[in-house]
Every structure is written in structure tokens, then in C-alpha cells.
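# Understanding the architecture of this molecule
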Amino acid sequence: MKNDCLFCAIAAGEIPSNKVYEDELCYAFHDIAPQAPTHFLVIPKVHIASVSGINAENSAVVAHIFEVIAKVTKEMGIESYRVVSNIGEQAGQSVPHLHFHVLAGRDMTWPPG
Ligand code: 5GP
Ligand code: ZN
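Just so it is clear, the structure is predicted and the values come from calculations on it, not from any experiment. (Residues numbered from 1 in each chain as written. Chains lettered and ligands numbered in written order. Predicted model: local features only at pLDDT ≥ 70, side-chain atom pairs only at ≥ 80, totals over all residues. Heavy atoms only, no water.)

For the zinc ion (ligand 2), every protein donor is listed as Cys5 (SG), Cys8 (SG), His47 (ND1) and His97 (ND1), and the spread of their distances is 2.0 to 2.3 Å. With four donor atoms in place around the zinc ion (ligand 2) and angles of 104 to 115° between them, the coordination shape is tetrahedral. Linear spacing of the donor residues for the zinc ion (ligand 2) on their chain is C-x2-C-x38-H-x49-H. Note that Cys5 is positioned in the segment before α1 (6-11) and His47 in the loop between β3 (38-44) and α2 (60-76), a separation of 42 residues in sequence. By relative accessible area, Cys5 is classed as buried at 7%. (Donors = N, O, S within 2.8 Å, 3.2 Å for Na, K, Ca; no water. Tetrahedral: all angles 85-135°; square planar, octahedral: opposite > 155°, others 65-115°. Helix = DSSP H or I, 4+ residues; strand = E, 2+ residues; numbered from the N terminus. Buried < 20%, exposed > 50% of the residue type's maximum accessible area, 1.4 Å probe, protein only.)

A separate point is the layout of surface pockets. Looking at the largest pocket, its volume works out to about 680 Å³. Taken together, 31 residues form the lining of the largest pocket, with Asp31, Gln35, His39, Leu41 and His101 sitting closest to its centre. For the lining of the largest pocket, the secondary-structure elements that each account for two or more residues are α1, β2 (26-30), β3, β4 (82-84) and β5 (100-104). Residue composition of the lining of the largest pocket, grouped by class: 15 nonpolar, 13 polar and three charged. (1 Å grid on protein atoms, 1.4 Å probe; cavity = no way out; pocket = protein on both sides within 12 Å on 5 of 7 lines; lining within 4 Å. Points joined across faces, edges and corners; volume = space filled by probe spheres on them. Nonpolar A, V, L, I, M, F, W, Y, C, P; charged D, E, K, R; others polar.)

What follows deals with the packing of aromatic side chains. Enumeration according to the criterion identifies three aromatic pairs in this entry. Put simply, the rings of Phe7, Tyr27 and Phe29 touch in pairs and so form one group of aromatic residues. (Phe/Tyr/Trp six-rings, centres within 6.5 Å; stacked < 30°, edge-to-face > 60°.)

So, in C-alpha cells, the structure goes:
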């Protein structure tokens, strides 16, 4: 756990959140400012700053997170959805702890803004 990291604190239960799913490796919770009828975030419990911080040593948790996304969305009855991860300021990353947005429940445009 990294000091002063918002998502490390949320994963540790130190800051309250609306939980979607949890296991020993990852934590999923509803976004505080939803951009779609369904909008939750999936994060590794270990601190990784962004996709840029994924490497051979820590990448297994990313595969696990995508398994969790597939399972949780099926359980929610969601067939179509978008998974997004913003990396760095220009792409719109505002919290420097790796997270995958899962958005669903409305028509999506492409390319994204
Ligand atoms: P980013 O902008 O880094 O791609 O995504 C960060 C997301 O975290 C945003 O969608 C923002 O609404 C969400 N967020 C920021 N602070 C909190 C919080 O304290 N609780 C929850 N549940 N979501 C948060
Ligand atoms: Zn963190």
C-alpha cells in the first residue's frame, strides 16, 4: 500500500466505497461520478501507478482483473460494455493507481473524446 494513494486507501477499506466485487488480488467499486448508467472501477490491491507500470513481475494481476470483469459483468447481466484505462495527464488519468473503468448501459461513441 502506497501512502497518500486514494485507491490504495479504498482497497484497504480506509475510505468508504460502494463495493461491486472483492478478492485477495483486486477490488471493484462504483465510480463516484458515473459517466454511464453502470460505471465501476476495478483496481489491483497492489499499488501500480498505471498501465505504464505493468511488467513481467506484476502482470498476472491484470489478467486476473480481466477475468473478474468478464465474470462480474455476466453476473450483472451486462452483455455490452466498454473497458477503459487512462494513462497520464493528457489521456485524462486523475488517480495515479491502475484502474480499469467498466462502462455500460448507454450507446457509446467512437472515437472516444
Ligand atoms: P481517471 O480519471 O484516473 O481515469 O479515473 C479516476 C476515476 O475515479 C474517476 O472516474 C473518478 O470519478 C473516480 N473517483 C475519484 N475519486 C473517487 C472516490 O473517492 N471514490 C470513488 N468511488 N471514485 C472516485
Ligand atoms: Zn495505490
